[in-house]
Amino acid sequence: MNTDKKEYGISVIMPCYNTEQYVEETLKSVLNQSFKDYEIICLNDGSTDGTLEILKRYQQSYPNIRVISSENHGVAYQRNTGVQCAQGKYIYYMDSDDLLKENCLETLYQYAEADNLDIVYFEADSFYETKEIEEAFPQFLTLYHRHKEYDGIYDGRNLYIQMENAGDIKMSVGLQFTRRQFLLDNNIKFGMERYFEDNLYTVKVTLKAGKARCVRDNLYLRRVRANSTMTTSENKTRFESYLEVVRGLMQILEEEKQDFVLQEAIYKRIRGTFINVYKDYLKVPEEEKEEFFGEKGSPLYLLTGMASFMNIEEVDRKKVSEKLKKTYAEKSEINAKLKKAYEEKTERGEKLKKLRKHLKDTKAELEKKSKRLEQLEQEKKQLEKHFLGRFVLEKYNK
């Protein structure tokens, strides 16, 4: 069933590939939203299971659901297609195995409308399909939570610098809510990477944003499961995707020559990408490395070589950092001891000062009494010279 409606508040763009086990639950979480002015564009990416049949069934029942089916091109291609077909004022990218909290779209729409934002960033909670997956990938539990708050409205460049330096960039586009016209005006699209397609896109969209906001609302529920792009790897394609990300980041670095602070933030992202390349490289069996990375001088060979170099640099940097932390700790301990010694010295000085004053007062009292004794001796001698005085003295001495 199709609709004649030309415009919506939100277009939910959802690429789907072999998620028959989850896609119905995902669609229901969107259909149950408190916000109702939206369309769902489901892009079947050449699924070989029952995903397409489920999508078609929902399309027949809901006028705001559209299904577009094609051969397998990857999620980046499907998202670009979705934006071109969208009729919503805002774009929200949804994965076909995840869930939304009931107030997700309404909350994001209100944030964007209130300040005429180009993009809103928010947060998510993860949930695991099995206990075994949770034990294997514990990092996902807090992966989509940021370390600090970013109050107010930012231009995208400043927000990117702050979040990158705080380690708060979240590359998942499921944590972004974007104004469609902003994407079209700036020709912002996904690359053709099969992996990490969110990474370069997120950097580009953030840097281009005129008005951006980052909120702490946890509105998305990220499913961590086996056989998802988050927990599996296809070695050669994975490294080819890394290569495209690095190339794109290097291009941005070249374009931003006049902004040293931004360049530093971008370089930090490049260095982090190379560290991830090296970690994945170590997982490749030795017998497969020559097949995957080719001869010396090939792009993938150079990629992994640079990653190895960056990892050594990172290890050295961490060693220096640890030594500095130890030195600072020892310095703090010494300063604490010096402070305590100074306080004890000051306390002893105060006691000594009081003691000196007491001695001075005692000496003055003794001198006063000594003078009084001398005076009494003089008076005694005067009395002895006088008869009456001697008489009085005899009586007194008795």
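All of these numbers come straight from a predicted model, not from anything done at the bench.

Our focus in this paragraph is the overall build of the protein. On a plain count of helices and strands, the protein comes out with 13 helices and 8 strands. Sequence-distant contacts in the protein: of pairs separated by 6 or more residues, those separated by 24 or more amount to 79%.

What follows covers the sheet that holds strand 4 (residues 88-93). In spatial order, the strands read 3-2-1-4-7-6-8-5; together these 8 strands make up an open sheet with mixed pairing. Where the open sheet ends on each side, the last strands, each with one partner, are strand 3 (65-70) and strand 5 (99-100). Relative to strand 2 (residues 38-45), strand 1 (residues 8-16) runs parallel, the two being bridged by 7 bridges. Residue pairing across strands places Ile10 opposite Tyr38, the latter belonging to strand 2. The strands touched by helix 4 (residues 104-115) within the sheet are strand 1, strand 2, strand 4, strand 5, strand 6 (119-128), strand 7 (176-179) and strand 8 (212-224), with strand 8 carrying the most contacts at an inclination of about 165 degrees. Contacts from helix 8 (residues 197-208) reach strand 4, strand 6 and strand 7 within the one sheet, and its direction differs from that of strand 7 by about 50 degrees.

What follows covers the environment of Met163. Within the fold, Met163 resides in helix 6 (residues 156-165). Note on Met163: relative accessible area 1%, which makes it buried. Sequence separation between Met163 and His147 is 16 residues; the distance between their C-alpha atoms is 9.2 Å. Each residue touching Met163, except ones within four places of it in the same chain, is listed here: Arg146, Tyr150, Asp168, Ile169 and Cys214.

In this section: the packing of helix 6 against helix 8. Packing of helix 6 against helix 8 brings their axes to within 6 Å, and their N-to-C directions diverge by 130 degrees. By the angle between their directions, the pair helix 6 and helix 8 is classed as oblique. Contacts from Gly156, Arg157 and Tyr160 of helix 6 reach helix 8 at Val203, Thr206 and Leu207. Taken together, the residues of the contact of helix 6 with helix 8 sort by class into 3 nonpolar, 2 polar and 1 charged.

A word on unusual backbone geometry. One non-glycine residue, Asn116, adopts positive backbone phi at about 50 degrees. With respect to the element layout, Asn116 can be found in the loop between helix 4 and strand 6. Given the relative accessible area of 49%, Asn116 is considered partly exposed.

This part covers the pattern of salt bridges. Any two side chains of opposite charge can pair if their charged atoms end up close together. By the definition in use, this model includes 22 salt bridges. Arg225 is the salt-bridge partner of Asp97, the closest N and O atoms lying 2.6 Å from each other. Taken together, the residues span a long stretch of sequence, with Asp97 in the loop between strand 4 and strand 5 and Arg225 in the loop between strand 8 and helix 9 (235-255) at a distance of 128 residues. As far as the burial class goes, Asp97 and Arg225 line up, both buried. We note a salt bridge from Glu134 to Lys131, for which the minimum N-O separation is 3.8 Å. Remark: Lys131 and Glu134 occur in helix 5 (residues 131-136); sequence separation between them is 3 residues, near one turn of the helix. Residue classification places Glu134 among the partly exposed residues on the basis of a relative accessible area of 27%.

Their axes nearest at 9 Å, the elements helix 6 and helix 10 (residues 260-283) cross at an angle of 45 degrees. Viewed along their axes, helix 6 and helix 10 adopt a mutual orientation that is oblique. Here the hand of the crossing between helix 6 and helix 10 comes out left-handed. Counting all contacts with helix 6, which are made through Arg157, Tyr160, Ile161, Glu164 and Asn165, the residues of helix 10 involved are Val261, Leu262, Ala265, Ile266, Lys268 and Arg269. Each residue belonging to the contact of helix 6 with helix 10 can be placed in one class, and the counts come to 6 nonpolar, 1 polar and 4 charged.

Summed over all chains, the structure comprises 12 aromatic pairs. Summarising the aromatic geometry, the rings of Phe35 and Tyr109 are spaced 4.7 Å apart at their centres and angled 40 degrees between planes, so their arrangement reads as tilted. Of this pair, Phe35 sits in the loop between helix 1 (23-31) and strand 2 while Tyr109 sits in helix 4, placing them 74 residues apart in sequence. Of the residues examined, Phe35 reaches a relative accessible area of 12% and is grouped as buried. Linked through ring pairs, Phe35, Tyr90, Tyr109 and Phe177 together constitute an aromatic cluster. Above the ring of Tyr93, the side-chain terminus of Arg79 is found at 5.8 Å from the ring centroid.

This brings us to helix 3 (residues 75-85). Those residues of helix 3 that fall on the buried side of the exposure criterion are Ala76, Gln78, Arg79, Asn80, Gly82 and Val83. On the buried face of helix 3, the contacting elements are strand 1, strand 2, strand 3, strand 4, helix 7 (180-185) and helix 8.

Turning next to the nonpolar core. Counting 47 residues, the largest nonpolar core has Tyr93 and Ile266 as the members making the most contacts within it. Top contributing element to this core by residue count: helix 9, with 7 residues. Excluding anything up to four places from it in sequence, Tyr93 contacts Ile13, Arg79, Val83, Val173, Gly174, Leu183, Phe190 and Tyr201. Core analysis: the next-biggest nonpolar cluster, separate from the first, contains 41 residues, Val23, Leu55, Leu105 and Phe140 among them.

Now for the environment of Asn80. As for its placement among the helices and strands, Asn80 is situated in helix 3. Considering only alpha carbons, one finds Asn80 and Phe190, 110 residues apart in sequence, at a separation of 6.4 Å. Every residue in contact with Asn80, bar those within four places of it in the chain, is listed here: Lys189, Phe190 and Met192.

Rules of the game
Residues numbered from 1 in each chain as written. Predicted model: local features only at pLDDT ≥ 70, side-chain atom pairs only at ≥ 80, totals over all residues. Heavy atoms only, no water. Helix = DSSP H or I, 4+ residues; strand = E, 2+ residues; numbered from the N terminus. Contact = heavy atoms within 4.5 Å. Pairing = 2+ DSSP bridges. Axes fitted to C-alpha atoms, helices over the stretch in contact; angles between N-to-C directions. Buried < 20%, exposed > 50% of the residue type's maximum accessible area, 1.4 Å probe, protein only. Parallel < 35°, antiparallel > 145°, perpendicular 65-115°, else oblique. Nonpolar A, V, L, I, M, F, W, Y, C, P; charged D, E, K, R; others polar. Salt bridge = Lys/Arg side-chain N within 4 Å of Asp/Glu carboxyl O. Left-handed = near helix turned anticlockwise from the far one by under 90°. Phe/Tyr/Trp six-rings, centres within 6.5 Å; stacked < 30°, edge-to-face > 60°. Lys NZ or Arg CZ within 6 Å of the ring centre and 35° of its normal. Core = buried A, V, L, I, M, F, W, Y, C linked by side-chain atoms within 4.5 Å.

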